[in-house]
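Architecture and fold: a report
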Amino acid sequence: MDGPVLRAQGLVKEFRGFRAVDGVDLDVADGSVHALVGPNGAGKTTLFNLLTGFLKPSAGRIQLGDRNLTGRRPEQVARLGVARSFQITSLFAQLTPREHLQLALAGGSGITWRFWRSDRALDRFSVRAMELLDQVGLAAQAHIPAGTLAYGRKRALELALALALDPKVLLLDEPTAGMGVEDIDRTVDLVQKVRQGRTVVLVEHNMNVVSRLADQVTVLQNGRVLAEGPYDEIRDDPRVIAAYLGEAPADAGGGDAHVAN
Amino acid sequence: MILSKLAARPVLLLFGLVAAFALPWLIYPPVAMDIACWALFAAALDLLLGFTGLLSFGHAAFWGGAAYAAGLIAVHWGVPFPVAVLGGALFAAVLAVPIGYLSVRLRGIYFAMVTLAFAQMVYFVVNQWRDLTGGENGLQGVPREFFGMDLSDPFFFYYAGLPFVLLGLFAVWRIVRSPFGRVLVSIRDNPARAQALGYPVERYKLLAFVLSAGLSGLAGGLYAISHGFASLHEVYWTTSGQAVMAVVLGGIGTLWGGAIGAALIVELNDYLATAGFTETGLVTGGIFVVIVLVFRRGVWGTARDLIAARAARRSPAAGTDSAAAQVEAPDRQEVTAR
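Residues numbered from 1 in each chain as written. Chains lettered and ligands numbered in written order. Predicted model: local features only at pLDDT ≥ 70, side-chain atom pairs only at ≥ 80, totals over all residues. Heavy atoms only, no water.

Going by an unreviewed UniProt entry, chain A carries the name ABC transporter ATP-binding protein and comes from Actinomadura rudentiformis.

As a further point, take the packing of helix α4 (residues 81-103) of chain B against helix α7 (residues 154-176) of chain B. Residue and element names in this part refer to chain B. Here α4 crosses α7 at 40°, and the two axes come no closer than 11 Å. Taken together, α4 and α7 sit at an angle that is classed as oblique. Regarding α4 and α7, the two cross each other, and that crossing is right-handed. On α7, the residues touching F81, P82, V85 and L86 of α4 are F157, A160 and F164. Residues of the contact of α4 with α7, tallied by class, amount to seven nonpolar, no polar and no charged. (Axes fitted to C-alpha atoms, helices over the stretch in contact; angles between N-to-C directions. Helix = DSSP H or I, 4+ residues; strand = E, 2+ residues; numbered from the N terminus. Parallel < 35°, antiparallel > 145°, perpendicular 65-115°, else oblique. Left-handed = near helix turned anticlockwise from the far one by under 90°. Contact = heavy atoms within 4.5 Å. Nonpolar A, V, L, I, M, F, W, Y, C, P; charged D, E, K, R; others polar.)

This part is about the packing of aromatic side chains. Scanning the model with the defined rule gives 23 aromatic pairs over all chains in all. A ring pair is formed by A:W113 and B:Y204, whose centres lie 3.9 Å apart and whose planes are at 15°; its orientation type is stacked. Here A:W113, found in the loop between α3 (97-106) and α4 (126-135), pairs with B:Y204, found in helix α10 (residues 201-227), and the two come from separate chains. On the numbers, 5.1 Å between centres and 85° between planes, the contact of A:F115 with A:W116 is edge-to-face. A relative accessible area of 21% means that A:F115 is categorised as partly exposed. The side chain of A:R84 reaches across the aromatic face of A:F54, ending 5.1 Å from its centre. Of note, A:R84 hangs over the ring of A:F86, and the distance from its end group to the ring centre comes to 4.3 Å. (Phe/Tyr/Trp six-rings, centres within 6.5 Å; stacked < 30°, edge-to-face > 60°. Buried < 20%, exposed > 50% of the residue type's maximum accessible area, 1.4 Å probe, protein only. Lys NZ or Arg CZ within 6 Å of the ring centre and 35° of its normal.)

Residue and element names in this part refer to chain A. Inspection of the entire model under this criterion finds 20 salt bridges over all chains. Of the charged contacts in the structure, one is a salt bridge between R19 and E14, with a shortest N-O distance of 3.1 Å. We classify R19 as partly exposed; its relative accessible area is 39%. By relative accessible area, which is 34% here, E14 ends up partly exposed. (Salt bridge = Lys/Arg side-chain N within 4 Å of Asp/Glu carboxyl O.)

Another point: the interface of chain A and chain B. Taken together, the contact between chain A and chain B spans 48 residues of the former and 35 residues of the latter. Contact between chain A and chain B buries roughly 3,600 Å² in total, counting both sides, with carbon and sulfur atoms accounting for 59%. Interface area lost by chain A to chain B is led by A:F92, A:W113 and A:F115, which between them contribute 20%. Counting the contacts that link chain A with chain B gives two salt bridges. Put simply, A:D119 and B:R182 hold a salt bridge, and the shortest N to O gap is 4.0 Å. (Buried area = accessible area lost by both parts, 1.4 Å probe.)

This next bit is on the confidence of the model for chain B. Residue and element names in this part refer to chain B. With 91% of its residues at a pLDDT of 70 or more, chain B has an overall mean of 84. Per-element confidence in chain B ranges from a low mean pLDDT of 33 for helix α16 (residues 330-337) to a high of 95 for α10. Every residue in residues 317-338 scores below 50 in pLDDT, and together they form 19 contacts with partners more than four places removed in sequence or on other chains. (pLDDT = per-residue confidence, 0-100.)

Residues and elements named next belong to chain A. Ordered in space as β2-β1-β4-β5, the four strands form an open sheet in which the pairing is antiparallel. In this open sheet, the two strands that pair with only one neighbour each are β2 (18-29) and β5 (67-68). Looking at chain direction, strand β1 (residues 4-15) and strand β4 (residues 59-64) are connected through five bridges and run antiparallel. Within β4, the position partnered with V12 by the bridge is A59. (Pairing = 2+ DSSP bridges.)

Time to look at the environment of A:V219. One can find A:V219 in strand β9 (residues 216-221). A sequence separation of 24 residues divides A:V219 from A:A243, and the C-alpha atoms of the two residues are 9.4 Å apart.

To continue, consider the domain arrangement of chain A. All names here are of chain A. By domain assignment, chain A separates into domain 1 (4-81 + 167-260) and domain 2 (94-154). Taken together, the two surfaces of domain 1 and domain 2 that pack against each other cover about 580 Å², and 48% of this comes from carbon and sulfur. It is R79, R186 and L190 in domain 1 that bury the most area against domain 2; as a group they hold 49% of the surface buried on that side. Here domain 1 is connected to domain 2 by one salt bridge. For R153, the salt bridge goes to D183, with nearest N and O atoms at 3.9 Å. Seen at the junction of domain 1 and domain 2, the total is two residue pairs in polar contact (both at pLDDT 80 or more). The biggest single contributor to the side of domain 1 that touches domain 2 is helix α6 (residues 181-194), with five residues. Of the residues that constitute the side of domain 1 that touches domain 2, the class distribution is four nonpolar, one polar and four charged. (Domains from an automatic or database assignment. Polar contact = N/O pair within 3.5 Å; in protein donor to acceptor, adjacent residues only side chain to side chain.)

What follows is the structure, given as structure tokens:
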């Protein structure tokens, strides 16, 4: 693991006097899995939106390698190699998973400007699309509208879409949110598989998932970094325990128990 | 079911073409031409409303702007009418670049209001610039020149103008089913997601806006040549409203539905006018309300849903997809249980 691939310095986002993100410094090491945790309202999703250009920071700077990402638009950030998934499943209801993947893959090719051509021109991306769907276990449902997919399958499609951009940095916003145990295991395996050759930043509430995936954990509270370090250190940090107390101590404990098993 | 679906398409296409060619035999030819023009106008608007998710309330600027542009070209340069019509379409597309640039970043009702405001500005200019446009009198004496051929009979002119309408409808169909059209649908369904996939959403919307305006202009230019004049009514906001109404009546996002809605409105307006009934708005408005309440998805959209539902009932295989989705649905319940 070399220097930081993604770096935020003094990041601030203010909404009408309320500082959702209040001076965050973040260094994400190249090739690592970096988890952002913290109680609800800690600023995790806001930070994600800042890193991906969906929100403009009130102050601070974001860098990808030696490239400045501050103030870039979401589509530019995506093109530069930072792909994201969404916390709330965010798909095109009428399109099939295969069509989703075709769109994600066609993005850089310029073919999507050709309004005079048949949409069969997108079939050239079908092979790769099916590979990606296969990777996330969606091949069997490749041809039904995404709106009719079961919840766990929609989350898998989210992940496949982000992967289709072949990003340097993959930002996953609660990839296991609302999933049952089986789907969680599947997702963890999948993230393990796709982290090869890239960097992953994830927001995650489930401490079990964090312990299994993350090399580095950043704990946020009230828009600030409360603690940072490997999971085992963070878990025993009294400040972190205090922050979570009354929030979800049972959840964190349960996760450990699961690991012990 | 797949077989019947495959067969249905050419049958519908054939039916549409036969209807298009038979129209001036069935109804008063100038009205037939009006229907054809309005059908293209509605389809062009549906490209924006149904396939990009933008409700433009200012398309009279492009329809009417092209009507005047085509009329002026024909009056002053005496060129063959197709040149004038295409010139009108080009004018509308060019006019749409600044208007679209300034409005596509807005969403929902704000987009509708801003396009309406721009259309009102166009109306103001056309109304004030009397030397050029004739003001309230409209632009009169627009010729139908075509290499010395006599096209004064509306029956024959219908067949001279129809190719432009068919070409325009084909273009709309092509755009909707192109890679570009696929991106438009994704932007309609979820703009943030489209952005996260690297698509500059506003630029795609802008091109859709310009294409829609150009095709509306094709229709408007032909309309002016057909009537032999361009009137102030073509740039008035009620024209924008009527186009939206045609799309909603026929079914948003159905493409051909707009043509049916346009035919209904034009024919009804003509019928009421010939019957000496002056309050046409009262009747069309009433019918509009009834159709919107009874057929949520418009005439064509509802018919399509009914046919699909019937086909699904006949062949049980067609239902498996949704059945499979329901079987997997317990996934979701686990979620809420946690």
